[in-house]
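What follows is each chain in one-letter form.
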Amino acid sequence: MKLNVQNTHYLESSMLKFLLPAALALLTACGPTVQTTSGAAYLDQRTATGAPVTVDPEIAEIAAIEPNLTFPARIGVARVVGRQLTVVPPEEAALFADFAEKNQAYGVFVPVSPLVAALIEPRRERTADGRIVTEARNVLHHVRQAAARQHLDAVLIYELTTRGDVRTRAYSASSGFISGAFLAPGNPSTEAEALVGAILLDVRNGYPYGTATKRRDLSDLTGPYSSRSRQVALEEAEILAMLTDLLADVDTMLDLLATSQGRRAS
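Residues numbered from 1 in each chain as written. Predicted model: local features only at pLDDT ≥ 70, side-chain atom pairs only at ≥ 80, totals over all residues. Heavy atoms only, no water.

1. Description of the overall build of the protein chain
Argument step 1. Across its full length, the protein chain holds eight helices and nine strands.
Argument step 2. Per-residue burial for the protein chain yields a buried fraction of 37% across its 266 residues.
Argument step 3. For the protein chain, contacts bridging at least 24 residues in sequence account for 73% of all contacts bridging at least 6.
Argument step 4. When the accessible surface of the protein chain is summed, it comes to about 15500 Å², and 55% of that surface belongs to carbon and sulfur atoms. (Helix = DSSP H or I, 4+ residues; strand = E, 2+ residues; numbered from the N terminus. Buried < 20%, exposed > 50% of the residue type's maximum accessible area, 1.4 Å probe, protein only. Contact = heavy atoms within 4.5 Å. Areas by Shrake-Rupley, 256 points an atom, 1.4 Å probe, with all protein chains shown as cover.)

Below, the structure written as structure tokens:
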């Protein structure tokens, strides 16, 4: 799906408030996104006159990566909650076990271990005035580091986030790192919602092969007449259903990547 944003600067702010939720609804209804483009080809484009397209050095450095992924591969699975790498709980692990069994043609799926991640110390540098500064941890980069230690080719990072009056403590977080990057707040009347976002990254160079997102309104599960334990059970079931839908999109994503390589996993 392609959105035309060339004329958005002509819209009044009141119109934007009306159009933005509709646009987000369309975005969240789309399937997974996939990228297989070449960084070298992107930087080697020419203008209409045949002159090289000028690129800022910083942008050129960022763009200069190539897709490495070939199947079968060693693919990591990393769960992020509250911007931290966490252990995959049994219910979610069972979903991924079924997914891995059905998709053996793509390779093996390996959990990225928080214990392995803990072995990787953050980089420390001494400043000119003698102070020791510790680098700030970016969760996506930290997951890639742990995946590299486990000798994985790519890593599927998924994040569970809830907003509003949601009681499920295992998933609650004030803001999403992955989900929030793809999904802005939804309908203001939504009292509670769950977000699931996933991104498939190359471990060696960070190439983003694809993304997928799911959102679900949980407002109907927060009624005053349900016990807390029942609300939590219902919310957890809804979130697992979202994760099941997300894995269907990941399946499509892997199939599209395999097709782009001139082969389809059997």
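Continuing now.
2. Observations regarding the environment of Leu 152
Argument step 1. Here Leu 152 is to be found in the loop between α6 (139-149) and β7 (154-164).
Argument step 2. Among the residues examined, Leu 152 registers a relative accessible area of 2% and is labelled buried.
Argument step 3. Sequence separation of Leu 152 and Val 77 is 75 residues, and the distance between their C-alpha atoms is 9.9 Å.
Argument step 4. Sequence-distant contacts of Leu 152, defined by excluding residues within four places in its chain, comprise Arg 74, Gly 76, Val 110, Val 112, Ala 147 and Val 203.

3. Brief notes about α6
Argument step 1. Where α6 is concerned, the buried positions are Val 139, Leu 140, His 142, Val 143, Arg 144, Ala 146 and Ala 147.
Argument step 2. The distance from a side-chain oxygen at the start of α6 to the backbone nitrogen of Leu 140 is 2.9 Å, and the residue carrying that oxygen is Asn 138.
Argument step 3. Positive phi appears at His 151, one or two residues downstream of α6, with a value of about 55 degrees. (Polar contact = N/O pair within 3.5 Å; in protein donor to acceptor, adjacent residues only side chain to side chain.)

4. Remarks on the confidence of the model for the protein chain
Argument step 1. When pLDDT is averaged along the protein chain, the result is 77, and 67% of the positions lie at 70 or above.
Argument step 2. Highest mean pLDDT in the protein chain belongs to strand β4 (residues 107-111) (97); lowest belongs to helix α1 (residues 13-29) (39).
Argument step 3. Segment residues 1-29: pLDDT under 50, and 12 contacts once partners within four positions in sequence are set aside and those in other chains are kept.
Argument step 4. Low pLDDT, under 50, characterises residues 181-189; the stretch is placed with 18 contacts to residues that sit more than four places away or in other chains. (pLDDT = per-residue confidence, 0-100.)

5. Digging into the side chain of Asp 153
Argument step 1. Looking at the element boundaries, Asp 153 is found in the loop between α6 and β7.
Argument step 2. Within the local environment of Asp 153, its side chain forms a polar contact with the side chain of Arg 204, the two groups lying 3.1 Å apart.
Argument step 3. Excluding its chain neighbours within four sequence positions, the residues that come into contact with Asp 153 are Ala 73, Arg 74, Asp 202, Val 203 and Arg 204.

6. Quick look at the pairing of strand β2 (residues 73-81)
Argument step 1. Within β2, eight of the nine residues are buried, which leaves the element mostly enclosed by the surrounding structure.
Argument step 2. The pairing of β2 with β4 spans five bridges and is classified as parallel. Across the sheet, the residue bridging to Arg 74 is Val 108, located in β4.
Argument step 3. Where β2 lies against strand β3 (residues 84-86), three bridges are found, and the strand directions are antiparallel. (Pairing = 2+ DSSP bridges.)

7. Quick look at the nonpolar core
Argument step 1. Formed by 31 residues in total, the largest nonpolar core has its most connected members in Leu 69, Phe 71, Phe 109, Tyr 158, Leu 200 and Leu 254.
Argument step 2. For this core, the leading source of residues is helix α8 (residues 228-260), giving 10 residues. (Core = buried A, V, L, I, M, F, W, Y, C linked by side-chain atoms within 4.5 Å.)

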